[in-house]
Amino acid sequence: MNERKQKLREARLSVRRNRAVPASMSWTPVLREALSALAPGARTVALYWPIRGEPDPGDFARALASEGVTVALPVCGPARTMDFRRWDPSTGKPTERDAAGIPAPVSGEAVAPDALIVPCVGWSAGGRRIGYGGGYYDRWIEGRGGVLIGIGFMEDRIDDAEDLFEAFDLRLQGIATDAGFVRF
């Protein structure tokens, strides 16, 4: 693993732990803008259950479901595998936990999302994403396609970092931030 990238990841996670995010903050308007711009016909949208201070897309998940869009969450399996399972946001927090210990609809129906909204520990001006370093999303998207939309804070943008990324690192089509939508 790239040592500089790992140090950058750790630094961004430290900032996240100390970030004060208003409880009333809703990501729905900027996520709706991103999805409308990049995947207007998406019928199945993958989100995530927020952990470790990630932006909470729960309001957006409920809004999508109320419009008839299928909402899915990632489910991590053994050997660093991942798939997506249908989730009904009206049921609240999933009661099962996946192999990574994250709340997930483990027994839900497997689905293939048209668009994935993925949390970012950091992101570059060129649309590259830094996650936790496990490569789950990178491996899942390989050969499958789909629109990739990041979600993260503007202060987590990493300038002059394109050399950190490897061929397998995700390239986002856009990112929803607390300051607005950025298209790459």
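Not measured: the values here are computed from a predicted model.

## Some points on the confidence of the model for the protein chain
Here comes step 1: Of the residues in the protein chain, 99% have a pLDDT of 70 or more, and the chain-wide mean is 92.
Here comes step 2: Averaged pLDDT values for the elements of the protein chain fall to 89 in helix 4 (residues 136–141) and rise to 98 in strand 1 (residues 44–46).

## Here we look at the pattern of salt bridges
Here comes step 1: For the structure on display, the rule yields eleven salt bridges.
Here comes step 2: Arg-157 serves as the salt-bridge partner of Asp-159, at 2.8 Å between the closest nitrogen and oxygen.
Here comes step 3: Classification of Arg-157 by relative accessible area gives partly exposed; the value is 39%.
Here comes step 4: The network of salt bridges with common partners includes Arg-12, Arg-19, Glu-155 and Asp-156.

## Examining the sheet that holds strand 9 (residues 157–158)
Here comes step 1: Across the sheet, three strands lie side by side as 7-6-9; this open sheet has mixed pairing. The open sheet terminates on both sides in strands that have one partner only, identified here as strand 7 (129–130) and strand 9.
Here comes step 2: Bridge count between strand 6 (residues 122–124) and strand 7: two bridges; the pairing is antiparallel. Paired with Gly-122 across the bridge in strand 7 is Ile-130.

## Describing the layout of surface pockets
Gaps left between atoms show up when a probe the size of a water molecule is rolled over them.
Here comes step 1: Roughly 520 Å³ of internal volume is contained in the largest pocket.
Here comes step 2: Around the largest pocket sit 29 residues that line it, and Tyr-132, Gly-133, Gly-134, Gly-135 and Tyr-136 are the ones nearest its centre.
Here comes step 3: Per-element tally for the lining of the largest pocket: the top contributor is helix 4, with three residues.

## Digging into the sheet that holds strand 3 (residues 82–86)
Here comes step 1: Taken in spatial order, the eight strands of this open sheet run 4-3-2-1-5-8-10-11, and their pairing is mixed. Sheet topology places strand 4 (110–111) and strand 11 (180–183) at the edges, where each strand pairs with a single neighbour.
Here comes step 2: Sheet topology note: the strand 2 (residues 70–76)/strand 3 ladder contains five bridges and is antiparallel. Bridge pairing in strand 3 places Pro-74 opposite Phe-84.

## Quick look at the side chain of Asp-98
Here comes step 1: Along the polypeptide, Asp-98 turns up in the loop between strand 3 and strand 4.
Here comes step 2: The buried charged residue Asp-98 lacks any salt bridge partner; its closest oppositely charged side chain belongs to Arg-97, at an N-O distance of 7.2 Å.
Here comes step 3: Within the local environment of Asp-98, its side chain forms a polar contact with the backbone nitrogen of Cys-76, the two atoms lying 2.9 Å apart.
Here comes step 4: Side-chain polar atoms of Asp-98 contact the backbone nitrogen of Ala-100, separated by 2.9 Å.
Here comes step 5: Dropping the residues within four chain positions of it, Asp-98 is found in contact with Pro-74, Val-75, Cys-76, Ala-104 and Val-106.

## Digging into helix 2 (residues 28–38)
Here comes step 1: Taken together, the buried positions of helix 2 are occupied by Thr-28, Val-30, Leu-31, Ala-34, Leu-35 and Leu-38. Around the axis of helix 2, the buried residues are gathered within 170° of arc, so they sit on the same side.
Here comes step 2: In the core, the buried residues of helix 2 are packed alongside strand 1, helix 3 (58–66), strand 5 (115–119), strand 8 (147–152), strand 10 (174–177) and strand 11.

## Quick notes on the nonpolar core
Here comes step 1: Among the nonpolar cores identified, the biggest contains 42 residues, and Leu-35, Leu-47, Phe-84 and Leu-116 are the most heavily contacted of them.
Here comes step 2: In terms of residues, this core owes the most to one element, helix 2, which gives five residues.
Here comes step 3: Dropping the residues within four chain positions of it, Leu-116 is found in contact with Ala-46, Phe-84, Tyr-137, Trp-140, Ile-141, Val-147, Leu-148 and Ile-149.
Here comes step 4: Of all hydrophobic cores here, the second largest spans seven residues; its members include Val-121, Ala-161, Leu-164 and Phe-165.

Criteria and thresholds
- Within each chain, residue numbers correspond to sequence positions counted from 1 in written order.
- Side-chain atom pairs in this predicted model are given and counted only at pLDDT of 80 or more, local residue features only at pLDDT of at least 70, and totals for whole chains, interfaces and linings cover all residues.
- Only hydrogens and water are set aside when side-chain values are computed; all heavy atoms of the structure are taken into account.
- Confidence scores here are pLDDT values: one per residue, from the predictor, ranging 0 to 100.
- Secondary structure elements are defined from DSSP: runs of H or I of at least 4 residues count as helices, runs of E of at least 2 residues count as strands, and each element is numbered from the N terminus.
- By convention in these notes, a salt bridge is any Lys or Arg side-chain nitrogen within 4 Å of a carboxyl oxygen on Asp or Glu.
- Per-residue accessibility, obtained with a 1.4 Å probe over protein chains only, is compared with the maximum for each type, and a residue is labelled buried under 20%, exposed over 50%, and partly exposed between these values.
- Two strands form a pair only when DSSP identifies at least two bridges running between them.
- A 1.4 Å probe that fits into a set of points on a 1 Å grid over the protein atoms alone but cannot get out defines a cavity; an open set with protein on both sides within 12 Å along at least five of seven lines defines a pocket, and lining residues are those with an atom within 4 Å of a point.
- Grid points are joined across faces, edges and corners, and a volume is the space filled by probe spheres set on the points.
- Just so you know, the count uses Lys and Arg for positive and Asp and Glu for negative, and it drops His and the chain ends.
- Polar contacts, as counted here, are pairs of nitrogen or oxygen atoms within 3.5 Å of one another; within protein the pair requires one atom able to donate a hydrogen and one able to accept it, and residues that are adjacent in sequence qualify only if both atoms are side-chain atoms.
- Contacts between residues were defined by any pair of non-hydrogen atoms, one from each residue, lying within 4.5 Å.
- Working note: the arc is built from the helix axis to C-beta atom directions.
- Only buried residues count toward a nonpolar core. Its members are Ala, Val, Leu, Ile, Met, Phe, Trp, Tyr and Cys residues joined through side-chain atoms within 4.5 Å.

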